[in-house]
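In case you want the letters, here they are:
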Amino acid sequence: MAIQYFDQAPLPMTASGPSTGLAKRPGDVRTATGDAEDLARLGYATQFLRAMGGFSNFAISFSIISILTGAVTLFDYGLSMGGPREMTLGWPIATIGTFFVALSMAELCSALPTSGGMYHWSAELGGPLWAWFTAWLNIIGLIAAIAGIDYGCAQFLLPTLGFESRAASLFLVYGIILLSQTFVNQYSARLVARLNDLSAVVHIVGVIVLIGALLAFAPKQPIQFLWSRTHLSPIHAPYAWLFVLGLLQAQWTYTGFDASAHLAEETIDPRRRAPWGMVTSVAVSGVFGYLLILSLTWAIPDVARVLTARDSGGNPIPTVFTIVRTSLGDRAVGAVLGLTILAMWFCGLAALTSVSRIIFALARDNGMPLSSLWRRVSETHKTPVQAIWLSSSLALGAMIYSRAYSVVTSISVIGFYLSYIIPVYLGWIKKGSWISKRGPWNLGNWSNLINLLAIIWGVFICAVMVMPPNGRAGVAIISVMAILLVFRVAGGSHEVQKPHW
């Protein structure tokens, strides 16, 4: 039986009123059957269970953005670079820049709603080589994100349980967390969708609980403390440059919202709901994340003390853990941070789902080595099992290589934003050739300006991410892409197909 829905999302406005793009069906009702026919017109058969509604599509991007992961695990990095002023100003700056990127991507997603996401947009607008680079950059970003998310989860889990944060213990717990997410992803796409719905609730409740506890019970600094510009970074540079480097704390949080596009083939009415999933995930994360950042910063008893906190074995303790324990007491740590740790686990689960779908889509287009293996979908579970396990294995290797947490997160940001900006740039310079094919979600007369602002922000943030102390991230991206390009040229047969627009 076809699945129907009636809670149509509002359409974006243009200068002449609401954008319509697609002809409405009778009663404005979309069905899974109609979406399958739409996908077939793009040149692909439906292989996944199409059962996700608008909230589920939003939830997966919101879960990967995960303000309880990015904003929390790199809090010490941003604080050490620019002090409280970094936390007060850095987040809104990154939010505005990211919002331009999300709006530009949403417009392309509405036109081509496939699991390939950005690389299909690049294939249509720039050709197979652009698509190939976009796909692999996105995969690199997602793999590094999984490594950063799950390792950060391990960093919080061990001290919460009362264990020392030794390197060997952290890596063991990281592996266990990654393995559990792999099994869940393999078992059921429907279960993953339900867990992502739960994840959005956990994130919102967790943020509210943490903010409420800090505002109600934690001793506060004077309000002017939020503008102080102390720093404890080992890098000797002008404060303005340290502030820019500290943007990694906010920018890494804003990665992975392209998951809404990668789940388009599992979403009902993806031309509307997938774009809204991307845009609303960034907007909601921006508001709740800023409230969280300000609450944590306001409750810092002493910047130097929280940045240099150690456990009984002399191992570093996450700064947010120290702030919460100092402000609320040992008994409150487990209760308050328990939701944070659970949110991190959900975040890693969603990221693994996302990368497995783009690997599947790339293999379906014969764009990877052993494509026939990675494009298989389990008849029993309706999930790309081989692609899921490949994603998990690569995430394990990424953490081994990176060594430093700020390096793996920088790799993630660079990979993501290059893969975001390539199709946006191609769409911007070729707007005249595809403007008539835009979907029901589009930017109207604002499209060119928003695209340009998105490109400027993406180039700027990628340049910042390869500066010391994260130079290893730039070397990693260039090396991996060079190796893959040599393999592609030597292999010859690995071409990326483009959908029939």
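Residues numbered from 1 in each chain as written. Predicted model: local features only at pLDDT ≥ 70, side-chain atom pairs only at ≥ 80, totals over all residues. Heavy atoms only, no water.

Chemist: Even after reading the chapter, I still don't get the overall build of the protein, so can you show me in this structure?
Modeler: Along the backbone of the protein there are 21 helices and two strands. Counting the 501 residues in the protein, one finds 61% classified as buried. For the protein, restricting intrachain contacts to residue pairs at least 6 apart in sequence, the fraction spanning at least 24 positions comes to 85%. With the model as given, the accessible surface of the protein reaches about 18,300 Å², and the carbon-plus-sulfur share is 67%. (Helix = DSSP H or I, 4+ residues; strand = E, 2+ residues; numbered from the N terminus. Buried < 20%, exposed > 50% of the residue type's maximum accessible area, 1.4 Å probe, protein only. Contact = heavy atoms within 4.5 Å. Areas by Shrake-Rupley, 256 points an atom, 1.4 Å probe, with all protein chains shown as cover.)

Chemist: Please explain the side chain of Glu86 as it appears in this structure.
Modeler: You can see Glu86 is positioned in helix 4 (residues 75–111). Despite being buried, Glu86 has no salt bridge partner; Arg85 is the closest side chain of opposite charge, sitting 9.4 Å away. If sequence neighbours within four positions are ignored, Glu86 has contacts with Gly78, Trp91, Tyr239, Leu242, Phe243, Gly246 and Leu247. (Lys, Arg positive; Asp, Glu negative; His and termini not counted. Salt bridge = Lys/Arg side-chain N within 4 Å of Asp/Glu carboxyl O.)

Chemist: Looking at this structure, how should I read the nonpolar core?
Modeler: Generally speaking, a soluble globular protein has its nonpolar side chains buried in company with each other. Counting 160 residues, the largest nonpolar core has Phe75, Val101, Met105, Trp121, Phe257, Val355 and Tyr417 as the members making the most contacts within it. For this core, the element with the highest residue contribution is helix 15 (residues 330–364), accounting for 21 residues. Contact partners of Phe257, with chain neighbours within four places excluded, come to Ser61, Ile65, Thr98, Val101, Ala102, Met105, Met278, Ser281, Val282, Tyr417 and Tyr420. (Core = buried A, V, L, I, M, F, W, Y, C linked by side-chain atoms within 4.5 Å.)

Chemist: I keep staring at helix 14 (residues 319–328) and nothing clicks. Help me out?
Modeler: Given 3.6 residues to a turn, an α-helix orients residues that are three or four positions apart in the same direction. Here helix 14 lies mainly inside the structure; eight of its 10 residues are buried. The set of residues buried in helix 14 consists of Thr319, Val320, Phe321, Thr322, Ile323, Val324, Ser327 and Leu328. Of the residues flanking the end of helix 14, it is Gly329, one or two places downstream, whose phi is positive at about 95 degrees.

Chemist: Even after reading the chapter, I still don't get the state of the cysteines, so can you show me in this structure?
Modeler: Here, disulfide denotes a covalent bond that connects the sulfur atoms of two cysteines. Summed over the entire model, instances satisfying the criterion amount to zero disulfides. Of all cysteine sulfurs, the one in Cys153 lies closest to Cys347, which takes part in no disulfide; the gap is 9.5 Å. Given a relative accessible area of 1%, Cys347 falls into the buried group. (Disulfide = S-S within 2.5 Å.)

Chemist: How should I be thinking about the environment of Asn315 in this particular structure?
Modeler: Mapping Asn315 onto the fold places it in the loop between helix 13 (303–307) and helix 14. Separated by 148 residues in the primary sequence, Asn315 and Ala167 have C-alpha atoms spaced 8.7 Å apart.

Chemist: What exactly am I supposed to notice about unusual backbone geometry here?
Modeler: When glycine is set aside, most residues are seen to have a negative phi, and most peptide bonds are trans. Phi is positive for Ser66, which is not a glycine, with a value near 45 degrees. Backbone geometry places Asp269, a non-glycine residue, at a positive phi of 55 degrees. Summarising the element assignment, Asp269 is placed in the loop between helix 11 (259–262) and helix 12 (270–298).

Chemist: Where do I start with the packing of helix 7 (residues 167–187) against helix 15 in this structure?
Modeler: A pair of packed helices is characterised by two quantities: the angle between their axes and the separation of those axes. Running from N to C, helix 7 and helix 15 point in directions that differ by 55 degrees, and their axes come no closer than 9 Å. Taken together, the axis directions place helix 7 and helix 15 in an arrangement best described as oblique. Judged by the twist between their axes, the crossing of helix 7 over helix 15 is right-handed. Contacts between helix 7 and helix 15 involve Ile177, Ser180, Gln181, Thr182, Val184 and Asn185 from the first element and Met344, Trp345, Gly348, Leu349, Leu352 and Thr353 from the second. (Axes fitted to C-alpha atoms, helices over the stretch in contact; angles between N-to-C directions. Parallel < 35°, antiparallel > 145°, perpendicular 65-115°, else oblique. Left-handed = near helix turned anticlockwise from the far one by under 90°.)

Chemist: What exactly am I supposed to notice about the pattern of salt bridges here?
Modeler: Here the idea is simple: oppositely charged side chains can pair when their charged atoms come close. Scanning the model with the defined rule gives five salt bridges in all. Between Arg166 and Glu164 there is a salt bridge, and its shortest N-O distance comes to 3.0 Å. We classify Glu164 as partly exposed; its relative accessible area is 25%.

Chemist: Mind showing me how you'd approach a nonpolar patch on the surface here?
Modeler: A cluster of nonpolar side chains, contributed by Phe55, Leu198, Val201, Val205 and Val209, occupies part of the molecular surface with about 390 Å² of accessible area. Among the elements that line the nonpolar patch, the one with the most residues is helix 8 (residues 189–217), at four residues. Following the sequence through the fold, Val209 ends up in helix 8. (Patch = residues over 30% accessible without salt bridge, like charges linked within 9 Å, V, L, I, M, F, W, Y side chains within 5 Å.)

Chemist: Sorry, what's going on with the environment of Ser169 here?
Modeler: Structurally, Ser169 is set in helix 7. C-alpha separation for the pair Ser169 and Leu158, spaced 11 residues apart in sequence, amounts to 8.2 Å. Residues within four places of Ser169 in sequence aside, it is in contact with Leu158 and Glu164.

Chemist: What is the right way to look at the packing of aromatic side chains in this model?
Modeler: The geometry of an aromatic ring pair is captured by the separation of the ring centres together with the interplanar angle, meaning the angle of the planes. Applying the stated criterion across every chain yields a total of 14 aromatic pairs. Between Phe183 and Trp389, the aromatic rings sit 5.5 Å apart at their centres with planes inclined by 80 degrees, giving edge-to-face as the arrangement. With Phe183 in helix 7 and Trp389 in helix 17 (residues 385–402), this residue pair connects regions lying 206 residues apart in the sequence. A relative accessible area of 45% means that Phe183 is categorised as partly exposed. Overall, Trp389 belongs to the partly exposed group, its relative accessible area being 29%. Through pairs of rings, three or more aromatic residues link up here, namely Phe257, Phe416, Tyr417 and Tyr420. Lying across the ring of Trp298, Lys220 places its NZ or CZ 6.0 Å from the centre. Between Arg229 and the ring centre of Tyr239, over which it is positioned, the NZ or CZ distance is 4.4 Å. (Phe/Tyr/Trp six-rings, centres within 6.5 Å; stacked < 30°, edge-to-face > 60°. Lys NZ or Arg CZ within 6 Å of the ring centre and 35° of its normal.)

Chemist: Any chance you could explain helix 2 (residues 54–65) here in plain terms?
Modeler: Helix length check: helix 2 (12 residues) gives 17 Å between terminal C-alpha atoms against 16 Å at 1.5 Å per residue, within 8%. The buried fraction of helix 2 amounts to 10 of the 12 residues, a majority that puts the element mostly inside the structure. Within helix 2, the full set of buried residues consists of Ser56, Asn57, Phe58, Ala59, Ile60, Ser61, Phe62, Ser63, Ile64 and Ile65. Elements that come into contact with the buried residues of helix 2 comprise helix 8, helix 11, helix 12 and helix 15. At the C-terminal side of helix 2, Ser66 shows a positive phi close to 45 degrees. (Expected span 1.5 Å × (residues − 1).)

Chemist: When you look at the packing of helix 2 against helix 12 in this model, what are you seeing that I'm missing?
Modeler: Interhelical geometry of helix 2 versus helix 12 gives an angle of 45 degrees and a closest axis separation of 8 Å. Accordingly, the angle class assigned to the pair helix 2 and helix 12 is oblique. With respect to the hand of their crossing, helix 2 and helix 12 are arranged in right-handed fashion. Two secondary-structure elements touch here, helix 2 through Gly54, Asn57, Phe58, Ser61, Phe62 and Ile65 and helix 12 through Arg273, Ala274, Gly277, Thr280, Ser281, Val282, Val284 and Ser285.

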